[in-house]
Amino acid sequence: GAPVEVNIRKAEPGQLVRVKWRGKPVWVVRRTPDMLEELGDIEDKLRDPNSQEPQQPPYAANQYRSIKEEFFVAVGICTHLGCSPSYLASGMGEHVEGVESGFFCPCHGSKFDVAGRVFQGVPAPLNLVVPPHYFIDDNTILVG
Ligand code: FES
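Everything in this summary refers to the structure shown in the same document. (Residues numbered from 1 in each chain as written. Predicted model: local features only at pLDDT ≥ 70, side-chain atom pairs only at ≥ 80, totals over all residues. Heavy atoms only, no water.)

## As for the side chain of His 133
Phase 1 of the analysis: Take His 133: it is sitting in strand 8 (residues 133–137).
Phase 2 of the analysis: For His 133, a relative accessible area of 5% puts it in the buried group.
Phase 3 of the analysis: A polar atom in the side chain of His 133 sits 2.8 Å from the backbone oxygen of Pro 131.
Phase 4 of the analysis: Not counting residues up to four positions away in its chain, the partners in contact with His 133 are Tyr 59, Ile 67, Val 73, Ile 141, Leu 142, Val 143 and Gly 144. (Helix = DSSP H or I, 4+ residues; strand = E, 2+ residues; numbered from the N terminus. Buried < 20%, exposed > 50% of the residue type's maximum accessible area, 1.4 Å probe, protein only. Polar contact = N/O pair within 3.5 Å; in protein donor to acceptor, adjacent residues only side chain to side chain. Contact = heavy atoms within 4.5 Å.)

Spelled out as structure tokens, the structure:
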């Protein structure tokens, strides 16, 4: 599959931009400062907070799981059985106490923070996959 360019210039803070890459949904989330702050507080609720599990690019092995803190890039497929999780820019607290933003998989209730890190006690075994990507310039990400 060919690499896919994502223009992020018009992405609003908190917005999720969807593209397709190799037939898969890929998300780019422009995270707000509040979202980023939340990621520092919840390690003890996560299964693999530092992305030590395999199959992740090296730039995903940090708290933000991203090259630039503001932009989170992920394959939008649940690591349990492949459903598409819902993005909750706010309102995640209904599913995880004390957390405002993240992803919720309606199929069997898996929960991920807004860096795609899986919470403990859910069926999904792994963090959401970060695809290979890089910044061509400040406004453009190349996925693939
Ligand atoms: Fe997402 Fe099962 S496919 S929780």
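So, next bit.
## As for empty space enclosed by the protein
Phase 1 of the analysis: Going through the model one piece at a time under the given rule, you end up with one cavity of 30 Å³ or more.
Phase 2 of the analysis: Of the voids in this model, the largest cavity is the one considered here, and its volume is about 40 Å³.
Phase 3 of the analysis: As for the largest cavity, its lining consists of Asp 48, Ser 51, Glu 53, Pro 54, Gln 56, Arg 65, Leu 126 and Asn 127.
Phase 4 of the analysis: Partitioned by chemical class, the residues of the lining of the largest cavity number two nonpolar, three polar and three charged. (1 Å grid on protein atoms, 1.4 Å probe; cavity = no way out; pocket = protein on both sides within 12 Å on 5 of 7 lines; lining within 4 Å. Points joined across faces, edges and corners; volume = space filled by probe spheres on them. Nonpolar A, V, L, I, M, F, W, Y, C, P; charged D, E, K, R; others polar.)

## A short note on the pairing of strand 3 (residues 24–30)
As a general feature of sheets, a regular strand has side chains that alternate between the two faces.
Phase 1 of the analysis: Extensive coverage of strand 3 is indicated by the burial of five of its seven residues.
Phase 2 of the analysis: The sheet contact formed by strand 2 (residues 16–21) and strand 3 spans six bridges and is antiparallel. The residue bridging Val 17 from the neighbouring strand is Val 28, located in strand 3.
Phase 3 of the analysis: Alignment of strand 3 against strand 4 (residues 71–75), held across five bridges, turns out to be antiparallel. Along strand 4, the bridge assignment pairs Val 28 with Val 73. (Pairing = 2+ DSSP bridges.)

## Focus: the sheet that holds strand 9 (residues 140–143)
Phase 1 of the analysis: Taken in spatial order, the three strands make up an open sheet running 1-9-8, and their pairing is antiparallel. Single-partner strands in this sheet number two, and they are strand 1 (4–7) and strand 8. Direction aside, the axes of adjacent strands within the sheet are offset by 30° on average.
Phase 2 of the analysis: For strand 1 and strand 9, the ladder comprises four bridges, and the chain directions are antiparallel. Its bridge partner being in strand 9, Asn 7 is matched across the sheet by Thr 140. (Axes fitted to C-alpha atoms, helices over the stretch in contact; angles between N-to-C directions.)

## Observations concerning the pattern of salt bridges
Phase 1 of the analysis: Under the criterion given, the structure shown has three salt bridges.
Phase 2 of the analysis: One salt bridge connects Glu 70 with Arg 30, and the closest N-O pair in it is separated by 2.7 Å. Note that Glu 70 is positioned in the loop between helix 1 (33–39) and strand 4 and Arg 30 in strand 3, a separation of 40 residues in sequence.
Phase 3 of the analysis: You can call Glu 70 partly exposed: its relative accessible area is 30%. (Salt bridge = Lys/Arg side-chain N within 4 Å of Asp/Glu carboxyl O.)

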